[in-house]
Amino acid sequence: DPSPGPGEVLVRIERGGICGSDLHYYRHGGFGTVRMTEPMTLGHEIAGRVAALGPGVGGPAAGTVVVVNPANPCGACAFCREGRPIHCLDMRFLGSAMRTPHVQGGFSEYLVCRAENAVPLKHGDLSAGAFAEPLAVCLHAVGQAPVYGRRVMIMGAGPIGSLLVVAARFAGAREIVVLDIRDEPLAYARKVGADRTINTAEHADEVEAFAADKGYFDVIFEAAGQGATVAGALRYVRPRGTIVLVGQGATAELPVSAIVTRELDLRGSFRFDREFALAVELIGDRRIDLSPLLSHTLPAAEADRAFVLAGDKSQSMKVQLAFA
Ligand code: ZN
């Protein structure tokens, strides 16, 4: 059992959502250039209750339901000082092997974190609270391009693609079309507000129609992490439109002339910053309902089964572990 030091609190974890990156670590020991070189506890979508306060810490009080912000930027490096903590040179992000020693994650009974990273959740719904981190990722992504009043395509209807639907709706999108190669995730995307969904494996022609007249969409979010979808996005976006890359791990050969002649913006979006507080507020105030996206909750003792389920998109959307 860890004990909190000055500036820290001890959190009794109750819910932890399994993320795509957790799955990559579990199956392959990493993703892209990131490799695990030592044992690491996974988990960074976590919610629980404050169990104890470190010396001199004023709150949140013991018993408060909190969502743990997994990002711990150093606050001192060049990027932190210029207000870009996402790009911190010494970021300690829970359950990440990007640095060595790795930062242990939150799939555990107890976790010590900075007091300010334990963000109180108003209505105390721990399952909803564990969605704050991926929702923050999506709120950050929709902040990368003007979405209000625009036509939006989302490529990939996994948990991030589906939460992008919620975030794009919140940001005032005019029309949201979601693509995936399976029907099951597309049904979830419709439940949370997609106007139209297309199974590209079965209806490629419907998608191709969006390539006519130099493209249809003002903004496209790529959340599949596939090279082919990145290349496809270049065909469906209108001149001067924006493609936001949220999915990771794709290697793509792109027709650069399409970017040049249509004057496209191609932008990456990574993690989140202040959007975490916004996500906790929207969930805690019940201004958005993410419960349709929670497909399974399994006890931590069945973590293996939970990871297999989370990796099978024909069976699951978001899978959470219960620690209490
Ligand atoms: Zn820093």
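Scroll up a little and you will see the structure.
Residues numbered from 1 in each chain as written. Predicted model: local features only at pLDDT ≥ 70, side-chain atom pairs only at ≥ 80, totals over all residues. Heavy atoms only, no water.

Student: So what exactly am I meant to see when it comes to the overall build of the chain here?
Tutor: Across its full length, the chain carries eleven helices and 17 strands. In terms of overall dimensions, the chain is globule-like: its C-alpha atoms have a radius of gyration of 20 Å, near the 20 Å expected for 324 residues. Counting only C-alpha atoms and orienting by the principal axes, one finds that the chain spans roughly 65 × 45 × 40 Å. Expressed as a percentage of its 324 residues, the buried residues of the chain come to 52%. When contacts within the chain are restricted to residue pairs at least 6 apart in sequence, long-range pairs at least 24 apart make up 66% of them. Per element, the accessible surface of the chain, about 14400 Å² overall, is 49% carbon and sulfur. (Helix = DSSP H or I, 4+ residues; strand = E, 2+ residues; numbered from the N terminus. Rg over C-alpha atoms; globule rule 2.2 N^0.38 Å. Buried < 20%, exposed > 50% of the residue type's maximum accessible area, 1.4 Å probe, protein only. Contact = heavy atoms within 4.5 Å. Areas by Shrake-Rupley, 256 points an atom, 1.4 Å probe, with all protein chains shown as cover.)

Student: Is there a simple way to explain the sheet that holds strand β13 (residues 217-222) in this structure?
Tutor: The six strands lie next to each other as β12-β11-β10-β13-β14-β15, forming an open sheet whose pairing is parallel. The open sheet is flanked by β12 (196-199) and β15 (265-268), the only strands paired with a single partner. Averaged over all adjacent pairs, the angle separating strand axes in this sheet is 20°, with direction ignored. As paired strands, strand β14 (residues 237-245) and β15 are joined by four bridges and run parallel to one another. The residue of β15 that forms the bridge with valine 244 is arginine 267. Packing of helix α6 (residues 183-191) onto the sheet brings it into contact with β11 (175-180) and β12, and relative to β12 it is tilted by some 175°. Sheet contacts for helix α8 (residues 227-236): β10 (151-155), β13 and β14; angle to β14, the most-contacted strand, approximately 155°. (Pairing = 2+ DSSP bridges. Axes fitted to C-alpha atoms, helices over the stretch in contact; angles between N-to-C directions.)

Student: I tried to follow the pairing of strand β1 (residues 8-17) on my own but got confused; where do I start?
Tutor: Regular strands place side chains that alternate from one sheet face to the opposite one. Among the ten residues in β1, eight count as buried, and that is most of the element. Sheet analysis places β1 next to strand β8 (residues 110-114), joined by five bridges and oriented antiparallel. Counted as the bridge partner of leucine 10 is valine 112 from β8. Where β1 and strand β17 (residues 318-322) come together, three bridges link them in antiparallel fashion. Bridge assignment links glycine 16 to a residue of β17, and that residue is leucine 321.

Student: What is the right way to read the coordination of the zinc ion from this model?
Tutor: When a metal holds four donors in a tetrahedron, each ideal angle between them is 109.5 degrees; when it holds six in an octahedron, the ideal angles are 90 or 180 degrees. Every protein donor of the zinc ion is accounted for by Cys74 (SG), Cys77 (SG), Cys80 (SG) and Cys88 (SG), and the metal-donor separations fall at 2.3 to 2.4 Å. Spacing between the donor residues of the zinc ion along their common chain follows C-x2-C-x2-C-x7-C. One end of the pair, cysteine 74, is in the loop between β6 (71-72) and α2 (78-81); the other, cysteine 88, is in the loop between α2 and β7 (92-93), and 14 residues separate them in sequence. Residue class for cysteine 74 comes out partly exposed when judged on its relative accessible area of 31%. (Donors = N, O, S within 2.8 Å, 3.2 Å for Na, K, Ca; no water.)

Student: Just to check I follow, could you spell out the side chain of lysine 318 for this structure?
Tutor: Among the secondary structure elements, lysine 318 is positioned in strand β17. Discounting chain neighbours no more than four positions away, the residues touching lysine 318 are Gly17, Ile18, Cys19, Glu45, Phe131, Pro159, Leu293, Leu294, Ser295 and His296.

Student: I'm lost on the nonpolar core in this one. Help?
Tutor: Here is a general trend for soluble globular proteins: nonpolar side chains tend to be buried in one another's company. Core analysis: the biggest nonpolar cluster contains 56 residues, and Leu164, Val178 and Phe221 have the highest contact counts within it. Secondary structure elements with two or more residues in this core: β5 (65-68), α4 (132-142), β10, α5 (159-170), β11, α6, β13 and α10 (275-284). In this structure valine 178 touches Ile154, Gly156, Ala157, Val165, Leu186, Ala189, Ala194, Arg196, Thr197 and Ile198, once residues within four positions along its chain are discounted. Membership of the second largest hydrophobic core comes to 31 residues, among which are Val11, Ile13, Leu42 and Ala310. (Core = buried A, V, L, I, M, F, W, Y, C linked by side-chain atoms within 4.5 Å.)

Student: How should unusual backbone geometry be read in this particular structure?
Tutor: Excluding glycine, a negative phi dihedral is what most residues carry, and trans is how most peptide bonds are arranged. Residue proline 60 is bonded to the preceding glycine 59 through a cis peptide linkage, with omega at 0°. In the segment running from threonine 100 into proline 101, the intervening peptide bond is cis, with an omega of 0°. Within the secondary structure layout, proline 101 lies in the loop between β7 and β8. Backbone geometry places glutamate 263, a non-glycine residue, at a positive phi of 50°. Within the fold, glutamate 263 resides in the loop between α9 (256-261) and β15. You can call glutamate 263 partly exposed: its relative accessible area is 47%.

Student: How should I be thinking about the packing of α4 against α10 in this particular structure?
Tutor: Pairs of packed helices are described in terms of their axes, by the angle between the two and the distance that separates them. Interaxial distance between α4 and α10 falls to 8 Å at its minimum, and their mutual angle equals 120°. In terms of axis orientation, α4 runs oblique to α10. Remark: the crossing between α4 and α10 carries right-handed chirality. Across from Ala132, Glu133, Leu135, Ala136, Leu139 and His140 in α4, the residues of α10 making contact are Glu275, Phe276, Leu278, Ala279, Val280, Leu282 and Ile283. When its residues are assigned to classes, the contact of α4 with α10 shows ten nonpolar, one polar and two charged. (Parallel < 35°, antiparallel > 145°, perpendicular 65-115°, else oblique. Left-handed = near helix turned anticlockwise from the far one by under 90°. Nonpolar A, V, L, I, M, F, W, Y, C, P; charged D, E, K, R; others polar.)

All we've got here are geometric facts, nothing functional implied.
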